[in-house]
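# Close look at the chain arrangement
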Amino acid sequence: MERERQQRLEEEEEIKRLRKELIPKAQLMPYFDRPFVPRRSKKQPTMPREPKFCIPRHKTIKCCRMSCNDMSGPSQLQHLPSSVEKKI
């Protein structure tokens, strides 16, 4: 009984200490008396590329692949797996 009370008090003190540490503190203002001189980057500039609007076949979902490719077919449900048919 005494041991549990002591343990509870220790936990409460630990929580108080942690809360005290989590108080946001103000950051120091930067020094404006020295002029800021930015350094030139050593990295090469990025080259623009054309966007790829088509999704690679290996990244598409099976049911989407079937529905996108087989839109002209009479019945799309024939090609879908049974788990997808139940959802429809």
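No experiment lies behind these values; they were computed from the predicted model shown.

### Focus: the overall build of the chain
For the chain, the count of helices and strands is three helices and zero strands. Burial analysis of the chain (88 residues in total) assigns 2% to the buried set. As displayed, the chain has an accessible area near 10300 Å², and 57% of this comes from carbon and sulfur atoms.

### So, a negative patch on the surface
Taken together, Glu10, Glu11, Glu12 and Glu13 make up a surface patch of like negative charges. Here Glu11 is to be found in helix H1 (residues 2-21). The class of Glu11 is partly exposed, set by a relative accessible area of 47%.

### A word on the pattern of salt bridges
Per the stated rule, a full pass over the model turns up three salt bridges. Of the charged contacts in the structure, one is a salt bridge between Glu14 and Arg17, with a shortest N-O distance of 2.5 Å. Remark: Arg17 and Glu14 occur in helix H1; sequence separation between them is three residues, near one turn of the helix. Close ionic contact of Glu21 with Arg17 constitutes a salt bridge, the shortest N to O distance being 2.7 Å. With Glu21 and Arg17 both in helix H1 and four residues apart, the pair spans about one turn of that helix. Residue class for Arg17 comes out partly exposed when judged on its relative accessible area of 39%. By sharing partners, the salt bridges in this structure join Glu14, Arg17 and Glu21 into a single network.

### As for the confidence of the model for the chain
Per-residue confidence for the chain gives a mean pLDDT of 76, with 69% of residues at or over 70. The spread of mean pLDDT over the elements of the chain runs between helix H3 (residues 82-87), the lowest at 53, and H1, the highest at 91.

What counts, and where the lines are drawn
Residue numbering note: each chain is counted from 1, following its sequence as written. Local features in this predicted model are restricted to residues whose pLDDT is 70 or higher, and side-chain atom pairs enter the listing and the counts only when it is 80 or higher, whereas totals over whole chains, interfaces and linings include all residues. Only heavy atoms go into the side-chain values, all of them from the structure, while hydrogens and water stay out. A run of DSSP states H or I qualifies as a helix once it reaches four residues; a run of E qualifies as a strand once it reaches two. Both are numbered from the N-terminal end. Think of it in three bands: residues with accessible area under 20% of the maximum for their type are buried, residues over 50% are exposed, and the middle band is partly exposed, with areas taken using a 1.4 Å probe on protein chains only. We get accessible surface area from the Shrake-Rupley algorithm with a probe of 1.4 Å; when it comes to residues, only the shown protein chains can shield them. For patches, a residue must show more than 30% relative accessible area and have no salt bridge; joins then use 9 Å for like charges and 5 Å for nonpolar side chains, namely Val, Leu, Ile, Met, Phe, Trp and Tyr. Criterion for a salt bridge: a side-chain nitrogen of Lys or Arg within 4 Å of a carboxyl oxygen of Asp or Glu. Neither His nor the chain ends contribute to the count of charged residues, in which Lys and Arg are positive and Asp and Glu negative. Every charge is mapped to an atom, namely NZ of Lys, CZ of Arg, CG of Asp or CD of Glu. For every residue, the predictor assigns a confidence score, pLDDT, that lies between 0 and 100.

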